[in-house]
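Here are the chains, one letter per residue:
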Amino acid sequence: MRKHRIGIAFFYHESHSFSPMKTEIEQFRNEGYFIGDEIYDAYIGTKTEVGGFLDVLKQERDVEIVPLLCAAAIPSGLVSTEAYSIIEKQMLESIQQAGRLDGLLLALHGAMVVEDLFDPEEHLLGKIRELIGPSVPMATTLDMHANLSEKMIHYTPLHFGFKTYPHVDMYEQGVHASTALLKQLKEGVHYYASFEKLPMMPPSINMRTAEGPMHKMIEWAKQAEEEEEIYNVSVFGGFPYSDVPMVGASVLVVSLNPQKGKETAQKMASLFWSVREEFIMDLPGVKEGLDLAMSIEDDKPVVLADISDNPLSCGSGDTTDLLREMVKLNIPDTLFGGLYDPESIEACRKKGAGNKVFLSLGGKVSPEFGESVQVEAKVVALSDGVFHNSGPFNQHLRVDLKGAAHIRVGRMDILLIGRPMSANDPEMFRHIGLEPQAKRILALKAKNHFRAAFEPIVGRIIYVDAPGVASNRLTTFTYRYIPKPIWPLDDIEYEVELRGKEKWKH
Ligand SMILES: [Zn+2]
């Protein structure tokens with residue numbers, strides 16, 4: 001029996017145009033860079049898109065999996081031209097060397113920006129199409145924060161966006177992409193893509209899917225999927241920190257009937273526009289947030305989320321506004337982390353656990369958002385910074401912080417980490433002996449993903465509006481390339497064209 005040879009690849013970055021940290025090849029190598037068979041060890045059994053691809057394909061007796069290349073880096077500044085070129089070259093070479101491919105599964109993000117490329121995912125798909133030809137089925141998974149452009153659907157109609165935020169359905173979307181690809185390949189199913197781009201770039205703070213406007217959108221998307229001939233509906237919130245012409249929200253409907261697909265996409269776009277104001281949140285500042293946290297009586301910890309410095313939204317993980325105020329207040333039973341500070345970890349390592357050390361904490365990458373905080377600390381514990389996520393977000397995935405130190409400053413515990421990483425999983429703290437559940441206040445460098453693992457163990461969650469590159473206030477950025485006018489920067493009228501029917505006006 002001739003087997004269907006299906007390639008698997010993963011190229012992932014969310015790029016912040018205003019972050020001072022350029023993303024080099026080293027950042028990809030630190031997070032995840034796997035070639036060929038290494039991909040099995042890294043992803044099999046993980047709740048990731050590639051984990052989903054592998055689980056579906058390995059059940060098919062007539063499929064041969066061809067692992068190509070996986071490269072992912074933590075969200076940060078623009079990807080350097082050099083880093084992108086290295087990865088693209090290796091990706092294309094791996095496809096060439098793979099020989100005949102009958103299908104290709106790609107896990108992409110959709111909000112990558114390269115120094116000299118606004119839409120690298122589109123560029124990459126174009127190059128891949130040139131190599132494999134126009135007829136080989138291809139399917140992608142995309143982040144809910146993808147800044148999707150219409151060009152992407154010219155290469156394949158099969159794109160599957162995450163339907164959860166925190167993104168706990170990466171695996172499921174990997175399964176959906178694989179299943180659709182196999183149907184096209186084996187049963188000759190023909191899919192159509194209908195795409196609507198909206199003139200808006202909502203901030204992500206209120207984009208979680210447990211409640212609020214994105215919850216409504218996803219429920220509507222699921223309802224639409226119940227209809228005949230509608231195969232999949234993706235709702236993309238976009239990533240407003242990418243200063244690119246294709247920034248912002250969009251809707252993509254994969255259908256078996258282009259007319260029905262188009263109508264559904266237009267209806268969804270119209271609904272999306274109607275809930276836009278619900279994405280705007282007014283947040284307390286550092287002092288207000290701390291006052292509120294200290295006023296709450298609860299058995300469970302109160303979380304102060306330092307959202308503007310969330311590494312998964314490209315924060316450097318080393319801003320100090322919240323830290324400085326907490327050190328000053330010296331509140332008992334508090335935990336702050338993880339603060340990106342390899343220099344301080346090195347200083348702790350030199351002194352050794354149990355000893356005192358003078359440290360200049362944080363404020364090194366982004367001093368414009370707050371200078372370093374001078375402290376005398378006790379080194380409690382040191383680690384290599386390696387742990388496995390307990391999940392459900394990125395469950396079982398190995399995380400390497402490139403070193404970690406638990407220090408005590410006054411009555412406060414602080415976790416220092418060797419590379420920027422959101423505090424999305426309690427294992428980040430537990431691996432070094434810190435139990436977040438035992439604290440009264442948790443100050444986390446995080447935004448929304450942490451809720452997946454932390455919500456069961458914490459009480460009230462307070463988002464703090466401190467200065468930082470991932471600030472909720474989009475007016476603080478000087479955009480150059482986004483389309484104008486665009487909401488919420490501009491107050492605009494928008495009308496979705498609905499062919500042959502009444503227009504959806506808002
Ligand atoms: Zn995302």
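Residues numbered from 1 in each chain as written. Predicted model: local features only at pLDDT ≥ 70, side-chain atom pairs only at ≥ 80, totals over all residues. Heavy atoms only, no water.

**Student:** Please provide a residue-by-residue account of the coordination of the zinc ion, values included.
**Tutor:** Bound to the zinc ion on the protein side are Asp-143 (OD), Asp-143 (OD), His-145 (ND1) and His-167 (NE2), at distances that span 2.1 to 2.7 Å. Its four donor atoms give the zinc ion angles of 52 to 142° at the centre, a pattern that matches the irregular case. Donor residues for the zinc ion sit on one chain with the sequence pattern D-x1-H-x21-H. Residue Asp-143 is located in the loop between strand E7 (138-142) and helix H6 (152-155), and its partner His-167 is located in the loop between strand E8 (159-161) and helix H7 (170-187); the two are separated by 24 residues in the primary sequence. A single burial state applies to Asp-143 and to His-167, both of which are buried. (Donors = N, O, S within 2.8 Å, 3.2 Å for Na, K, Ca; no water. Tetrahedral: all angles 85-135°; square planar, octahedral: opposite > 155°, others 65-115°. Helix = DSSP H or I, 4+ residues; strand = E, 2+ residues; numbered from the N terminus. Buried < 20%, exposed > 50% of the residue type's maximum accessible area, 1.4 Å probe, protein only.)

**Student:** Can you break down the sheet that holds strand E14 (residues 356-361) residue by residue, with the values?
**Tutor:** Spatially, the eight strands line up as an open sheet ordered E14-E15-E18-E19-E13-E20-E12-E21, and their pairing is mixed. The two strands at the open ends of the sheet, each matched to only one other strand, are E14 and strand E21 (461-463). Averaged over all adjacent pairs, the angle separating strand axes in this sheet is 30°, with direction ignored. Pairing geometry for strand E12 (residues 302-305) and E21, over three bridges, is parallel. From the neighbouring strand, Leu-304 faces E21, where its bridge partner is Ile-462. Packing against the sheet, helix H10 (residues 286-295) makes contact with E12, strand E20 (441-444) and E21, and its axis sits at approximately 170° to E12. Sitting on the sheet, helix H11 (residues 321-329) touches E12, strand E13 (334-340), E14, strand E15 (373-383), strand E18 (404-409), strand E19 (412-417) and E20, and the angle it makes with E13 is about 145°. (Pairing = 2+ DSSP bridges. Axes fitted to C-alpha atoms, helices over the stretch in contact; angles between N-to-C directions. Contact = heavy atoms within 4.5 Å.)

**Student:** Describe H11, and please don't skip the residues or the numbers.
**Tutor:** Listed in full, the buried residues belonging to H11 are Leu-322, Leu-323, Glu-325 and Met-326. Projected down its long axis, H11 shows its buried positions confined to an angular sector of 165°, all on one face. Downstream of H11 by a residue or two, Asn-330 has a phi angle that is positive, lying close to 50°. (Arc of directions from axis to C-beta.)

**Student:** Describe helix H12 (residues 342-351), and please don't skip the residues or the numbers.
**Tutor:** When we look at burial in H12, the residues that qualify are Ser-344, Ile-345 and Cys-348. Down the axis of H12, the buried side of the element spans an arc of 105°, and every buried residue falls inside it. Of the exposed residues in H12, those oriented more than 90 degrees away from the buried face are Glu-343 and Lys-350. On its buried side, H12 packs onto E14, E15, E18 and E19. Trailing H12 by a residue or two, Gly-352 shows a phi angle of about 90°, which is positive.

**Student:** Quick rundown of the packing of helix H8 (residues 213-225) against helix H9 (residues 258-274)? Include the residues and the values.
**Tutor:** The geometry of H8 relative to H9 is characterised by a closest axis approach of 10 Å and an angle of 165° between their N-to-C directions. Classified by the angle between their axes, H8 and H9 sit roughly antiparallel to one another. Crossing geometry of H8 relative to H9 is assigned as right-handed. Facing Met-214, Met-217, Trp-220, Ala-221 and Ala-224 of H8, the residues of H9 in contact are Thr-264, Met-268, Leu-271 and Phe-272. Class assignment of the residues belonging to the contact of H8 with H9 gives a composition of eight nonpolar, one polar and no charged. (Parallel < 35°, antiparallel > 145°, perpendicular 65-115°, else oblique. Left-handed = near helix turned anticlockwise from the far one by under 90°. Nonpolar A, V, L, I, M, F, W, Y, C, P; charged D, E, K, R; others polar.)

**Student:** Break down the domain arrangement of the protein chain for me, with residues and values.
**Tutor:** Frequently, the measure chosen for interface size is the accessible area that the parts lose on association. The domains assigned to the protein chain are domain 1 (4-279) and domain 2 (286-471). Spacing between the C-alpha centres of domain 1 and domain 2 amounts to 31 Å. On the side of domain 2, 30 residues touch domain 1, which itself brings 28 residues to the contact. When the two sides are added together, the surface that domain 1 and domain 2 hide from each other amounts to roughly 2300 Å², 64% of it contributed by carbon and sulfur. Ranking the residues of domain 1 by area buried against domain 2 places Met-21, Ile-74 and Ile-205 at the top, with a combined share of 23%. At the boundary of domain 1 and domain 2, one finds one salt bridge. A salt bridge links Arg-419 to Glu-31, with the nearest nitrogen and oxygen atoms 2.8 Å apart. (Domains from an automatic or database assignment. Buried area = accessible area lost by both parts, 1.4 Å probe. Salt bridge = Lys/Arg side-chain N within 4 Å of Asp/Glu carboxyl O.)

**Student:** Can you break down the sheet that holds strand E9 (residues 192-197) residue by residue, with the values?
**Tutor:** Picture the strands of a sheet paired through backbone hydrogen bonds; they go either parallel or antiparallel. The strand order E9-E11-E10 describes an open sheet built from three strands, whose pairing is antiparallel. Lying at the two open borders of the sheet, with one neighbouring strand each, are E9 and strand E10 (230-236). Ignoring which end each strand starts from, the neighbouring axes of this sheet average 15° apart. Across six bridges, E10 lies against strand E11 (residues 250-255) in antiparallel orientation. Bridging across to E11, Val-233 finds its partner in Val-253.

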